[in-house]
Each structure stands twice: as C-alpha cells, then as structure tokens.
Amino acid sequence: MRVLLFTGKGGVGKTTAAAATATLAARRSLKTLVVSTDTAHSLADALAVPHSDEPVEAAPGLYLQQVDTQRSLERHWGELRDYAAGVFAELGLDEITSEEVTVLPGAEEVIALLELREQARTGRWDVVVVDCAPTAETLRLLALPEALDWHVNRLLPVGRRLLGALSPVIRHVARVSAPEGQVISAGERLHRGLMDVRRLLTGDQASVRLVLTPEAVVVAEARRTLTSLSLYGYRVDAVVANRVFPAGGADEWRRGWVEAQARRMEEVHASFAPLPVLTIPYLPAEPVGPEALAEVAEHVYAGVDPFAPPTVEPPMRITADELTLALPLADRDDVDLARKGDELIVTAGPYRRVIALPAALARRTISAAALRDGRLRVRFEAGGAK
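The rules we used
Residues numbered from 1 in each chain as written. Predicted model: local features only at pLDDT ≥ 70, side-chain atom pairs only at ≥ 80, totals over all residues. Heavy atoms only, no water. Helix = DSSP H or I, 4+ residues; strand = E, 2+ residues; numbered from the N terminus. Buried < 20%, exposed > 50% of the residue type's maximum accessible area, 1.4 Å probe, protein only. Contact = heavy atoms within 4.5 Å. Areas by Shrake-Rupley, 256 points an atom, 1.4 Å probe, with all protein chains shown as cover. 1 Å grid on protein atoms, 1.4 Å probe; cavity = no way out; pocket = protein on both sides within 12 Å on 5 of 7 lines; lining within 4 Å. Points joined across faces, edges and corners; volume = space filled by probe spheres on them. Expected span 1.5 Å × (residues − 1). Pairing = 2+ DSSP bridges. Axes fitted to C-alpha atoms, helices over the stretch in contact; angles between N-to-C directions. Phe/Tyr/Trp six-rings, centres within 6.5 Å; stacked < 30°, edge-to-face > 60°. Lys NZ or Arg CZ within 6 Å of the ring centre and 35° of its normal. Parallel < 35°, antiparallel > 145°, perpendicular 65-115°, else oblique. Nonpolar A, V, L, I, M, F, W, Y, C, P; charged D, E, K, R; others polar. Core = buried A, V, L, I, M, F, W, Y, C linked by side-chain atoms within 4.5 Å.

Participant: Please give an account of the overall build of the protein chain that cites residues and values.
Facilitator: Summing up its helical and strand segments, the protein chain has eleven helices and 15 strands in all. For the protein chain, buried positions account for 47% of its 386 residues. Taking as baseline every contact in the protein chain between residues at least 6 positions apart, the subset at least 24 positions apart corresponds to 71%. Surface summary for the protein chain: the accessible area is close to 18,500 Å², and the carbon and sulfur share equals 54%.

Structure, rendered in structure tokens:
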C-alpha cells in the first residue's frame with residue numbers, strides 16, 4: 001500500500017494537490033482512499049461530494065473519509081474519555097460541560113491518524129493519500145508518537161504501581177476517583193496505535209510531498225519543514241509548486257509576477273535539489289470535482305509515476321559504529337547534539353528528537369560528530385557510554 005502525505009503552509013493549495021493525486025490514482029485503477037488530518041476539512045468540498053465519516057465513493061475507485069471525532073473518540077479511547085468526564089462530574093461540572101472539556105485540543109488530528117491505521121489494516125487500498133494540516137500542526141502531530149513512546153516506556157510501569165498504592169489516598173484527599181486498570185489499558189492501546197501509525201508513515205512505502213507557492217515567506221517555511229520532517233524520520237520525495245504563472249502572453253502586471261516567480265522558482269530548485277519540483281499552473285478557475293482535479297494531476301505528473309515506491313533513502317541510518325541522520329538545509333548554528341545515557345538528543349531549530357540508541361551503540365562513547373552536506377554523522381568508539 002502506497003501512502004502519500006501532503007503538507008505545506010496554510011493556503012498554499014495542499015488539499016488541491018492531495019485531491020488531484022488521489023483522483024489520478026483512482027483513474028489508474030488503483031483502489032484509493034483520501035483522508036484529512038486537517039480540522040478545517042475541505043476535501044469533500046474539493047471533490048464536490050457530501051462529508052462522510054465512513055469512506056464514501058467520490059468517483060470510481062476513489063473514496064473519501066473525513067473523520068467524526070466524537071464517534072472515533074468513543075471507539076479508540078472511550079475509557080479515558082469516560083474517566084475524565086467522571087472526574088469532572090465529581091468536581092461539580094454538569095454533563096454538557098464535561099463532554100466538551102474531554103475533547104482535548106489536538107484530539108481530532110490524533111484520531112485521524114488512528115483511523116488511518118484502521119484503514120491500512122483492512123488491506124483494502126492500493127493508495128492512501130493524506131491531506132495534512134498546515135506544517136506546524138503536522139510536525140507536532142508526526143512527532144507525537146515517538147515522544148509519547150518515550151514517556152510511556154518510562155512512566156507507565158511506575159504509574160501502574162503508584163496508582164495501586166495511592167488510589168485510596170487520591171479518593172480521600174482529592175475526593176475524585178483514581179484511574180482503574182482498564183483506563184490505563186486504554187492509554188496503552190492508544191500508545192500502541194500511534195506507534196503503529198509511525199511505523200506506517202516512516203515505512204518504505206510512505207513519503208511526504210511539500211506543497212508551496214513561489215513566495216519568499218512560503219519557501220522559507222518549506223525549507224525549515226524539510227529539515228524538521230527529516231529530523232523526525234519522515235521521507236520527502238517531491239516538492240509541488242502551486243499557482244505558478246505561465247510565462248506566455250503576459251500583460252505588464254502579470255509579467256512582473258512571472259519574473260518574480262521565476263526568480264523564486266530558481267531558489268526552489270536550488271534549495272530542494274535533488275528532489276523533483278512539480279508545478280501546478282495558476283489556473284483560470286478553481287479546480288473542483290474529479291474531472292477538474294484529474295486535469296490538474298495529469299499536468300503535474302506528466303511523464304512521472306507518482307505512485308512508485310520512494311527512491312529517497314530513509315533519513316536515519318545506523319551501522320556498527322556510526323549513526324547518520326539527514327538534516328537537509330539545516331544551519332550548523334541551529335543544530336545541537338547531546339547524549340544522555342542510552343539516548344541521543346538532536347535539536348534542529350525549534351524541534352528536538354530523542355533517539356534511543358541500539359544496544360551496540362549505547363555501550364560506546366561518541367568519538368566525533370559533524371554536520372556536512374546536510375547529514376549529521378555521529379561516530380562511536382568502544383568504551384563506557386558518555
């Protein structure tokens with residue numbers, strides 16, 4: 001199953017790019033699902049079909065799903081939600097208020113990822129296209145499974161023991177119920193589900209496509225996003241430049257835009273090489289519906305197989321004495337490396353990743369580390385961990 005994620009700065013047209021790609025997949029006789037992790041759902045509007053929580057056929061072979069948070073919340077972690085609602089009720093909040101406050105910020109995006117895992121498990125699809133939220137939200141979401149894994153592995157065993165001992169105290173002092181075993185188990189299921197999602201999205205059949213417009217601010221954010229996605233282990237296999245003015249027949253006003261965009265596109269090609277840069281022209285009308293989207297996709301992917309397995313190498317590679325992490329376009333001054341026990345902490349700009357070292361490297365000391373040609377190389381030598 002091929003998995004394609006589309007993200008970019010808000011307003012650059014990532015939903016159009018995602019919907020067009022999904023439409024093309026279906027027209028090539030690939031059973032295709034297109035889903036959204038963006039809370040501002042617009043996929044159904046782009047495909048001109050009604051919103052649906054379950055996969056609904058938008059065109060022959062093309063199915064759309066926009067997740068109903070409330071229903072999925074019940075299915076995936078109902079015990080956690082019920083416990084939280086019960087605690088709020090014990091504190092005196094009415095039922096309606098309790099219902100509202102237990103839908104946590106970011107829950108919709110997390111649940112959309114869990115739904116993606118459920119669909120992948122069915123074996124029903126040849127291609128799954130994901131219309132992601134704008135870049136900042138997407139990066140936080142894609143970093144979540146690994147960050148949660150770090151906390152769960154350290155805190156959950158201790159938490160189980162403490163809860164067993166302190167439950168009577170919590171009820172007596174705080175006058176609220178302590179979580180029971182099934183609540184903790186629900187949290188563990190949520191953790192396992194998100195780790196399954198991470199394995200799916202960093203696997204050999206998954207990649208991200210960055211959507212941008214040829215504007216200075218947008219290109220600058222896309223550059224940072226490429227670095228950050230690679231830091232977290234996600235492969236980017238293409239850049240999609242949207243709303244590019246055609247050069248021919250331009251009047252004086254449009255000629256200025258053509259020249260400015262041409263300079264910006266030179267920067268895009270230079271920045272993101274060797275990634276292919278695909279273009280969507282500035283269209284005379286908004287592409288809505290499968291027919292219009294198919295025309296867009298045929299132009300974007302002319303002569304290219306957009307559903308072939310990605311040829312980009314995984315961002316992280318580990319050998320017997322070296323860990324290499326791709327950090328394309330990273331500024332050396334913004335990259336920091338630290339070691340804590342059997343963990344390597346890599347910071348690139350505002351983003352940080354904690355990497356659990358395999359046993360073979362955890363027993364060694366760091367002998368050298370350098371960032372060259374967009375790759376961070378950390379060498380290890382025999383000796384106690386430092």
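Participant: Give me the lowdown on empty space enclosed by the protein, citing residues and values where you can.
Facilitator: One pass over the structure, following the stated rule, counts two cavities of 30 Å³ or more. In this structure, the second largest cavity encloses a volume near 40 Å³. Around the second largest cavity, the lining residues are Phe6, Ala17, Ala20, Thr21, Val240, Ile280, Val296, Ala297, Val300 and Tyr301. Of all the elements in the fold, those that place two or more residues in the lining of the second largest cavity are helix H1 (14–27) and helix H10 (290–300).

Participant: Which residues make up helix H8 (residues 216–231), and what are the values?
Facilitator: Between its first and last C-alpha, H8 extends 23 Å over 16 residues, near the 22 Å set by a 1.5 Å rise per residue. The complete set of buried residues in H8 reads Val218, Val219, Glu221, Ala222, Thr225, Leu226, Thr227, Ser228, Leu229, Ser230 and Leu231. Phi for glycine 233, located one or two positions after H8, is positive at around 95°.

Participant: Describe the sheet that holds strand S7 (residues 236–244), listing the residues and the values that go with them.
Facilitator: Within the open sheet, the eight strands sit side by side as S3-S4-S2-S5-S1-S6-S7-S8. Their pairing is mixed. With partners counted over all chains shown, the strands left at the sheet margins are strand S3 (56–59) and strand S8 (277–281), one partner each. This sheet shows a mean twist of 25° between the axes of neighbouring strands, independent of strand direction. Here strand S1 (residues 2–7) runs beside strand S5 (residues 127–131); their pairing, made up of five bridges, is parallel. Within S5, the position partnered with leucine 5 by the bridge is valine 130. Each of strand S6 (206–212), S7 and S8 is contacted by helix H9 (residues 252–272), which is oriented at about 180° to S7, the strand it contacts most.

Participant: Kindly report on the pairing of strand S4 (residues 62–65), identifying the contributing residues and their values.
Facilitator: Judged by which residues are buried, S4 turns out to be covered on both faces: Leu62 and Leu64 on one side and Tyr63 and Gln65 on the other are all buried. Relative to S4, strand S2 (residues 32–36) is paired through four bridges, and the arrangement is parallel. When the sheet's bridge partners are listed, valine 35 is paired in S4 with glutamine 65. Of the pairings in the sheet, the one linking S3 to S4 comprises three bridges and is antiparallel in character. When the sheet's bridge partners are listed, valine 56 is paired in S4 with leucine 64. Linking two consecutive strands that pair antiparallel, namely S3 and S4, is a turn of two residues; a positive phi of about 80° is found at glycine 61 within it.

Participant: Provide a residue-level description of the packing of aromatic side chains, including the pertinent values.
Facilitator: For the structure shown, the criterion picks out six aromatic pairs. Grouping aromatic residues by their ring pairs yields a cluster made of Phe245, Trp253, Trp257 and Tyr282. Taking the ring centre of tyrosine 63 as reference, the NZ or CZ of arginine 124 above it sits at 4.9 Å.

Participant: I'd love a proper account of the sheet that holds strand S10 (residues 322–326), names of residues and values included.
Facilitator: Ordered in space as S9-S10-S15-S14, the four strands form an open sheet in which the pairing is antiparallel. At either end of the open sheet lies a strand with only one pairing partner, and these are strand S9 (316–318) and strand S14 (364–372). Within the sheet, the average angular offset between the axes of one strand and its neighbour, ignoring direction, is 15°. Bridge analysis of S14 against strand S15 (residues 375–382) gives eight bridges, and the strand direction is antiparallel. Directly across from arginine 364, in S15, lies its bridge partner alanine 382.

Participant: Can you explain the packing of H1 against H10? Please cite residues and give values.
Facilitator: Two numbers describe how H1 lies on H10: the axes approach to 8 Å, and their chain directions differ by 90°. With respect to each other, H1 and H10 are oriented roughly perpendicular. Facing Thr16, Ala19, Ala20, Thr23, Leu24 and Arg27 of H1, the residues of H10 in contact are Pro290, Glu291, Leu293, Ala294, Val296, Ala297 and Glu298. Grouping the amino acids of the contact of H1 with H10 by side-chain chemistry returns eight nonpolar, two polar and three charged.

Participant: Before we move on, can you summarise the layout of surface pockets with the specific residues and values?
Facilitator: Put simply, the largest pocket is a space of about 670 Å³. Lining the largest pocket we find 34 residues, and of these Val236, Asp237, Pro274, Leu275 and Val312 sit closest to its centre. Of all the secondary-structure elements, those providing two or more residues to the lining of the largest pocket are H8, S7 and H9. Here the lining of the largest pocket takes three residues from S7, the largest share from any one element. Considering only residue class, the lining of the largest pocket consists of 22 nonpolar, four polar and eight charged. Space inside the second largest pocket adds up to approximately 370 Å³. Around the second largest pocket, the lining comprises 20 residues; the ones closest to its centre are Gly13, Thr16, Arg243, Glu286 and Pro287. Breaking the lining of the second largest pocket down by element, the ones donating at least two residues are H1, helix H2 (43–47), S7 and S8. The element best represented in the lining of the second largest pocket is H1, accounting for three residues.

Participant: Provide a residue-level description of the nonpolar core, including the pertinent values.
Facilitator: Judged by nonpolar contacts, the single largest core of 91 residues is most densely connected at Leu47 and Leu201. Apart from residues no more than four positions distant in its own chain, leucine 47 is found in contact with Ala19, Thr23, Val34, Ala58, Leu62, Leu64, Gly289, Pro290 and Leu293.

The values are spatial; any link to function lies outside them.
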